[in-house]
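Given next are the chains, with one letter for each unit.
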Amino acid sequence: PAKQLSGVECMYYFSKLAGDRRFCGIVELILVEFDSYGSIRRQFGAGYATVSAFEPQAGIGESEFVQGTPMDLMITTGQGVSGNFVGQKVYYEVSKCDSLMYMDRLIPENAVVGVLDNVSGLEGGYMPLQPTQGFRTLQGGRTYVNQIQVKVSPQLEQEVMGFMGVKYQKTFYHQEGQEGLEDRNAKSAEIKEKRLIAAVHNGWTFVNSTKWQNMIMLAEGRTPGVLESDGILALDGIVDSPECAIIFQVEYLIRSFRDNGRYDDVRIVLGWVPFIPAVNRQGELRDVGMSEFMVMGPGHSVNGDYLF
């Protein structure tokens, strides 16, 4: 009879993809050979099995091991598991861990986290060894950003306007198959909005309740080249963690005119800057000023936007 091997009492994972049937767990059977000193001499892969441990329903299941390695699934995507069975099975029980649901806002859509994985925002900063130890999220604080000033050089604005007024039109006419028409009654571009966006990021995803929807309009200030705002940005979800930062992003909404009165509104991201606030264990912030240089292009912002 086949010998049944007992393993870890419980393994747990959290993912927002739990309802996707294409998403499955992988169990690999590895044979390990030791030398007389107890050191590992060789390891042999003896097959793998898929475990439907992320489906919404709970219950007991079983799966047979097949020859090969889990890497084979990357080649047979969408075709299921194929190969010769090795005569071994894995038996498992799937159950829902309600305490994990508190982490819903702490990880992005496509991530899977498990034992000892770092998760900024959890008490201790990582997943505990067993779910019975509890999953306590840090108390999130709330802060207000005011007296905002953003320095943007006139040369940068000229480059943005030159790009939108000429290169963008050439791109449009090329797509329309009308090369050479970009100078025909072409109007210049104009800046419709200058704005600052702020959100709280934990190194993986935005964790404040409004995500990337905190916006405030900027206007020319008393000092040339300095944009200002008398408004206030309110942010929550800030915790005492070195991975938790407030992300500021400066962007322009440019209206680029075509001929015949048509136009396009295009968002241009000038730059972004992270700021790690000083927070106590209760999520309270000290009043503090900040002055930082923006991260500028080429490249992408934290939100994945192209930088000018």
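Throughout what follows, the structure given in this document is the object of discussion.

Rules behind the numbers
- Residues numbered from 1 in each chain as written.
- Predicted model: local features only at pLDDT ≥ 70, side-chain atom pairs only at ≥ 80, totals over all residues.
- Heavy atoms only, no water.
- Helix = DSSP H or I, 4+ residues; strand = E, 2+ residues; numbered from the N terminus.
- Buried < 20%, exposed > 50% of the residue type's maximum accessible area, 1.4 Å probe, protein only.
- Areas by Shrake-Rupley, 256 points an atom, 1.4 Å probe, with all protein chains shown as cover.
- 1 Å grid on protein atoms, 1.4 Å probe; cavity = no way out; pocket = protein on both sides within 12 Å on 5 of 7 lines; lining within 4 Å.
- Points joined across faces, edges and corners; volume = space filled by probe spheres on them.
- Contact = heavy atoms within 4.5 Å.
- Pairing = 2+ DSSP bridges.
- Axes fitted to C-alpha atoms, helices over the stretch in contact; angles between N-to-C directions.
- Salt bridge = Lys/Arg side-chain N within 4 Å of Asp/Glu carboxyl O.
- Patch = residues over 30% accessible without salt bridge, like charges linked within 9 Å, V, L, I, M, F, W, Y side chains within 5 Å.
- Core = buried A, V, L, I, M, F, W, Y, C linked by side-chain atoms within 4.5 Å.

Time to look at the overall build of the chain. What the chain contains, in helices and strands, is two helices and 15 strands. Within the chain, buried positions represent 36% of all 308 residues. Per element, the accessible surface of the chain, about 19300 Å² overall, is 50% carbon and sulfur.

Bringing the layout of surface pockets into the picture now. The calculated volume of the second largest pocket comes to roughly 1000 Å³. Residue assignment for the lining of the second largest pocket shows that the elements contributing at least two residues are strand S7 (141–145), strand S8 (148–151), strand S14 (245–257) and strand S15 (263–275).

Along the chain, Thr 205 turns up in the loop between strand S9 (190–201) and strand S10 (214–217). Each C-alpha atom of the pair Thr 205 and Cys 244 lies 10.0 Å from the other, and the pair is 39 residues apart in sequence. Apart from residues no more than four positions distant in its own chain, Thr 205 is found in contact with Arg 105, Leu 106, Ile 107, Pro 108 and Val 200.

Right, let's talk about the sheet that holds S15 for a bit. Read across the open sheet, the four strands follow the order S10-S9-S14-S15; overall the sheet is antiparallel. In this open sheet, the two edge strands, each paired with only one partner strand, are S10 and S15. Mean inter-strand twist for the sheet, computed between neighbouring axes without regard to direction, equals 25°. Across eleven bridges, the pairing between S9 and S14 is antiparallel. For Leu 196, the partnering residue across the bridge sits in S14 and is Val 250.

A few words on the environment of Trp 272. Tracing the chain through its elements places Trp 272 in strand S15. Each C-alpha atom, one on Trp 272 and one on Val 295, is 5.2 Å from the other, the two residues being 23 residues apart in sequence. Leaving out residues up to four positions away in the same chain, Trp 272 has contacts with Ile 247, Phe 248, Gln 249, Met 294, Val 295, His 300, Ser 301, Val 302 and Leu 307.

What follows is about the sheet that holds S8. Strand order in the open sheet made by the three strands is S8-S12-S11, with antiparallel pairing throughout. Among the strands making up the open sheet, the edge pair consists of S8 and strand S11 (219–220). Alignment of S8 against strand S12 (residues 226–229), held across four bridges, turns out to be antiparallel. Bridging from a neighbouring strand, Ile 148 pairs with Ser 229 of S12.

The next thing to look at is the pattern of salt bridges. Enumeration over the complete set of coordinates arrives at eleven salt bridges. Measuring nitrogen to oxygen at the nearest pair gives 3.1 Å for the salt bridge that ties Glu 33 to Arg 41. A salt bridge links Glu 251 to Arg 267; the nearest nitrogen and oxygen atoms lie 3.0 Å apart. You can see Glu 251 sitting in strand S14 and its partner Arg 267 sitting in strand S15, a full 16 residues away along the chain. A cluster of three or more residues bridged by salt bridges with shared partners is formed by Glu 193, Arg 195, Glu 251, Arg 267 and Asp 305.

Let us now look at a nonpolar patch on the surface. On the surface, Ile 30, Val 32, Phe 34 and Ile 40 cluster together to form a nonpolar patch covering roughly 360 Å² of accessible area. Structurally, Phe 34 is set in strand S2 (residues 25–34). In this structure Phe 34 comes out as partly exposed when scored by relative accessible area, which is 48%.

Core analysis: the biggest nonpolar cluster contains 40 residues, and Met 103, Met 127, Ile 148, Leu 196 and Phe 248 have the highest contact counts within it. By size, the runner-up hydrophobic cluster in this structure holds nine residues, among which are Trp 212, Ala 245, Ile 247 and Val 269.

Within the element layout of this structure, Ile 246 appears in strand S14. When the C-alpha positions of Ile 246 and Phe 206 are compared, they lie 9.5 Å apart, and in sequence the two are 40 residues distant. Ignoring sequence-local partners within four residues, the contact set of Ile 246 consists of Thr 143, Ala 199, Leu 235, Ile 238, Val 273, Pro 274, Phe 275 and Pro 277.

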